[in-house]
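# Fold and geometry: a report
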Amino acid sequence: MTNTGVGPRPRGAWWREGAVTATAFVLCLLGGVVQVDDTLTAPPAAAYVIAVVSCTVLPLRHRAPLAALAATTASGVLVAPLGLLLSPLIVAPALITAYSYALTARTERRAAGAVLGTSVVLLVASTPLFGGVSWQDASRMGSVAAFPLMAGVLGHSVRNRQAYLAAVEERARRAEESRDGEARRRVAEERVRIARELHDLVAHQITLANAQATVAAHLFDIRPEQTRKSLSELVETTGHALDELRSTVGLLRQSGDTAGPAEPAPGLSRLPALLASFRGAGLEVSVEQEGTARPLAPGVDLTAYRIVQESLTNVAKHAATGTARVHLAWNRDRVTITVADDGEGAVAVPGRSAGYGLIGMRERATAAGGQLSAGRRPEGGFLVSAELPLPPARSGGAP
């Protein structure tokens, strides 16, 4: 909270400095009105000297608060030798610099020491060297010593208040930045999730449509009936793709939660229908299960379905084969899903991006608490293997 005074000061600050300096000058002169013998006279020349010297350094208290405090304290020490009565009025500049130093000091210990030293110096300066001390002298000495302490306490209190307000503002700013960062993170995660869902929906249907169109073009001249069947399946597949895309985009356009019933997310229970769609596109898929199947959590069930769907889609798109194998192995705490083919093609074609299929599958598996690996098989073809967690088995249930 230290004001170093570097740079131009606002116009209002100069007006305040002028008002403070003028007020301190008037108070010094009023203090010079009361003489040592308790008589009232016009301010003597010594009072003007004390007022001018001590008030001249007041504008410097922001740049050099300790030097300003020392200068005004020294002026207060000269009051008694010049034949003036040392009082809180005539040392008003010292009180102001004590307040400013306590307000701007970097440490509380330094501020307390400097203000306490000022009080001691002024107290010693106001103590008569010879003769007795009357109760008027004692009260004047106490007030002269107490006022710098009061100014220091006030400055310290204002400093703590400013520091508290600054800390509150900083916490509010950081909280706002944290909220903004959290909102951006959630938006980014939602964008990735939407992109992954759209990829899984559209890539699957478009791959089937492409395979059905290829079959229809191949059989157009030699087997017209089979061509008609392939075209009918193509129309049905593209219709499903449009329906799913329309439904997804419709959900994104909604500003609030829909009140209508929502279709349940797909899971392994819909695996037969998924395999049938691939078989209709000319890809023969065999399924093997090992162990006893157990219900999956909804998110894990959807992940398992999407991994099988995307793996078979990649087989249909990139592998030069008409067969694929899906294997489900149920263990005590996980289910292992593998999709393999014997094709000569590759998921990643040189010179062309492999797309986001494998990335999306890995993201899904990681988000569900599992892991996924994919790569070429030593004996040929491609293999996708995913391990997903299972809920704890109930007592008496299947292992």
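Higher on the page you've got the structure.
What counts as what
- Residues numbered from 1 in each chain as written.
- Predicted model: local features only at pLDDT ≥ 70, side-chain atom pairs only at ≥ 80, totals over all residues.
- Heavy atoms only, no water.
- Helix = DSSP H or I, 4+ residues; strand = E, 2+ residues; numbered from the N terminus.
- Buried < 20%, exposed > 50% of the residue type's maximum accessible area, 1.4 Å probe, protein only.
- Contact = heavy atoms within 4.5 Å.
- Areas by Shrake-Rupley, 256 points an atom, 1.4 Å probe, with all protein chains shown as cover.
- Pairing = 2+ DSSP bridges.
- Axes fitted to C-alpha atoms, helices over the stretch in contact; angles between N-to-C directions.
- Salt bridge = Lys/Arg side-chain N within 4 Å of Asp/Glu carboxyl O.

The helix and strand tally for the protein stands at 10 helices and five strands. For the protein, with 399 residues in total, the buried portion stands at 37%. The contacts of the protein with a sequence gap of at least 6 include a subset with a gap of at least 24, amounting to 72%. With an accessible surface of roughly 23,000 Å², the protein has 61% of that area assigned to carbon and sulfur atoms.

Strands sit in the order 1-2-3-5-4 across an open sheet of five strands; the sheet is mixed. Each edge of the open sheet is held by one strand with a lone partner, namely strand 1 (284-290) and strand 4 (371-376). If you compare each strand with its neighbour and ignore which way they point, the axes differ by 10° on average. Here seven bridges tie strand 1 to strand 2 (residues 323-330), and the two strands are oriented parallel to one another. Bridging from a neighbouring strand, Gln289 pairs with Leu328 of strand 2. Along the sheet face, helix 8 (residues 271-280) touches strand 1 and strand 2 and points at about 155° away from the line of strand 1. Against the sheet, helix 10 (residues 357-367) contacts strand 4 and strand 5 (382-389), and its axis sits at roughly 150° relative to strand 4.

This structure, assessed with the given rule, holds 13 salt bridges. Of the charged contacts in the structure, one is a salt bridge between Glu182 and Arg185, with a shortest N-O distance of 2.3 Å. A residue pair is termed a helical-turn pair when its members lie 3 or 4 positions apart in one helix, as Glu182 and Arg185 do in helix 6 (residues 135-219) at three residues. You can call Arg185 partly exposed: its relative accessible area is 38%. As a salt-bridge pair, Glu387 and Arg334 come within 3.6 Å of each other at their nearest N and O atoms. With Glu387 in strand 5 and Arg334 in strand 3 (residues 334-341), this pair connects stretches of sequence that are 53 residues apart.

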